[in-house]
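Residue-level structure breakdown
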Amino acid sequence: MRAVSLAIAFVSAVCFGFSGPMAKYLGAAGLTPLESVWVRMAGSGVLLILALAIVRPRALRIPRARLPFLVAYAVVAVAAVQTLFFLAITRLPVGVALLIEYTSPVIVVLWVRFVRRVRLPRAAYLGALIAVVGLAIVVQVWEGLRLDALGLVIALVAGACCAGYFLMSDSFSDDVDTFGLIAWGMVGSAVVLLPISQPWNIPWEAFGTTVAIGGHSLPVAGAALWLVLVATVIAYFTGVTAVRRLSAAVGATVASLEVIAGAVIAWILLGEHLGAAQIVGGLIVLAGALLAQSATVRLAPEAPEAAEAVRV
C-alpha cells in the first residue's frame, strides 16, 4: 500500500514537471506568460469543477465564512505562485527557476520559528544554511551572478508565495473539501488574473499552429492540453491523493522530484542544459530544504503546530 502511495506521489511530481516546458511552447507561439497562466488556470478550473459536479458535488460547497480565505488562497497560493513561476522561466532555465522556488520549505521553517514562535531543533537552521549555500552555487556568485537578476528575484518571490501555499493549506478545517478548494482556487485565480492577463487579447489562432524549440516541434493546442490535463489536473489530483495516503513530510519530499523531472523534461524538449555547478548546487538546495522541513516535522510530539505548518 505504501509503495502504491509513493508511486502516486512520483506521478504527481513528474506531471508537475511538465509545467515549465509546456509554458515555453505556448510562449513561443506568441502567448505572454500571463496569458499562458490564465489558459492553464481557467482550463483546469473548469475541468475540475465539471468533474467534481459529476462525481463529488458536495466538494464544491464552500461555507460563506470561508470565502475570504478562499479569495486569499486563490490570489496567493494559486495565481501568484503560477504567474511568478511562468514569468521566471522567461528569464531563467526551467530547472533553475524550479530549484529556487523549492527553497519554500526553508521559508516555512523561518516563518514557524519567528512568526509562530515555535522552537526548532538545530537541524532546521542547518538545513536553511545548506539551502542558502546551494542557492549561491546555483547562481554562481563567484562569477558575478551570471543568471538574470530580475529572473532570480521573481523566482524567489514565487518561492515565498509557494511557502504561503504550504502554510495556508493547513488553515482550513474539514468544512472545506480539499478538491473543492483546489477547483475554486483555480477558477478564482483565473478571475483575479482576468484584468491583468486580458484573455480577449490572446492570439487564439496560435493554437492551430506548431512551434519548434530546441529542435523539437509540438502542436500548440497539444501543449496547452497537456499543460491543463497532465501538468495541472492530474498533477493536483495525484498530489493531493498522495499526501492524504502518506505523511505530509513524505509527500512533500517526493514532490521535490518535480525539480529533477522539470530539468530532465526541459533538457529533452527544450534543449536546456544545466551546468555541473548548478546541478550540484541544486542538489544541495534540495538537501537543505529537506533537512529543514524534516526537522520541523520531527517536532510533532512537542509542538504539533510546527508539523501542521509544513503539511501540504
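In this report, we go over the structure that sits alongside the text. These figures come from a predicted structure and were not determined experimentally. (Residues numbered from 1 in each chain as written. Predicted model: local features only at pLDDT ≥ 70, side-chain atom pairs only at ≥ 80, totals over all residues. Heavy atoms only, no water.)

Ranked by internal contacts, the top residues of the largest apolar core, which has 83 residues, are L26, Y73 and F207. Per-element accounting of this core gives the leading share, twelve residues, to helix α4 (residues 67-88). Residues in contact with L26, not counting those within four places in the same chain, are L31, S36, F207, V220, A223, A224 and L227. (Core = buried A, V, L, I, M, F, W, Y, C linked by side-chain atoms within 4.5 Å. Buried < 20%, exposed > 50% of the residue type's maximum accessible area, 1.4 Å probe, protein only. Helix = DSSP H or I, 4+ residues; strand = E, 2+ residues; numbered from the N terminus. Contact = heavy atoms within 4.5 Å.)

Now for the packing of helix α6 (residues 104-114) against helix α8 (residues 149-168). Two elements in contact, α6 and α8, have axes whose closest approach is 8 Å; the angle formed by their N-to-C orientations is 60 degrees. Here α6 lies oblique to α8, going by the angle between them. Note that α6 runs across α8; the crossing there is right-handed. Only G159, A160, C162, A163, F166 and L167 of α8 make contact with α6, whose side of the interface consists of S104, I107, V108 and W111. For the contact of α6 with α8, a count of residues per class yields eight nonpolar, two polar and no charged. (Axes fitted to C-alpha atoms, helices over the stretch in contact; angles between N-to-C directions. Parallel < 35°, antiparallel > 145°, perpendicular 65-115°, else oblique. Left-handed = near helix turned anticlockwise from the far one by under 90°. Nonpolar A, V, L, I, M, F, W, Y, C, P; charged D, E, K, R; others polar.)

This brings us to a nonpolar patch on the surface. Together, L110, W111, F114, V115 and Y125 make up a nonpolar patch on the protein surface, roughly 490 Å² of accessible area in all. No other element matches the three residues that α6 contributes to the nonpolar patch. Checked against the element boundaries, L110 lands in helix α6. (Patch = residues over 30% accessible without salt bridge, like charges linked within 9 Å, V, L, I, M, F, W, Y side chains within 5 Å. Areas by Shrake-Rupley, 256 points an atom, 1.4 Å probe, with all protein chains shown as cover. Salt bridge = Lys/Arg side-chain N within 4 Å of Asp/Glu carboxyl O.)

One pass over the full model with this rule turns up two salt bridges. Close ionic contact of R56 with D177 constitutes a salt bridge, the shortest N to O distance being 2.9 Å. With R56 in the loop between α3 (33-55) and α4 and D177 in the loop between α8 and α9 (178-192), this pair connects stretches of sequence that are 121 residues apart. A salt bridge links D148 to R91; the nearest nitrogen and oxygen atoms lie 2.7 Å apart. Placement of the pair is D148 in the loop between α7 (122-138) and α8 and R91 in the loop between α4 and α5 (94-101), with a sequence separation of 57 residues. Residue classification places D148 among the partly exposed positions, given a relative accessible area of 27%. With relative accessibility at 40%, the residue R91 sits in the partly exposed group.

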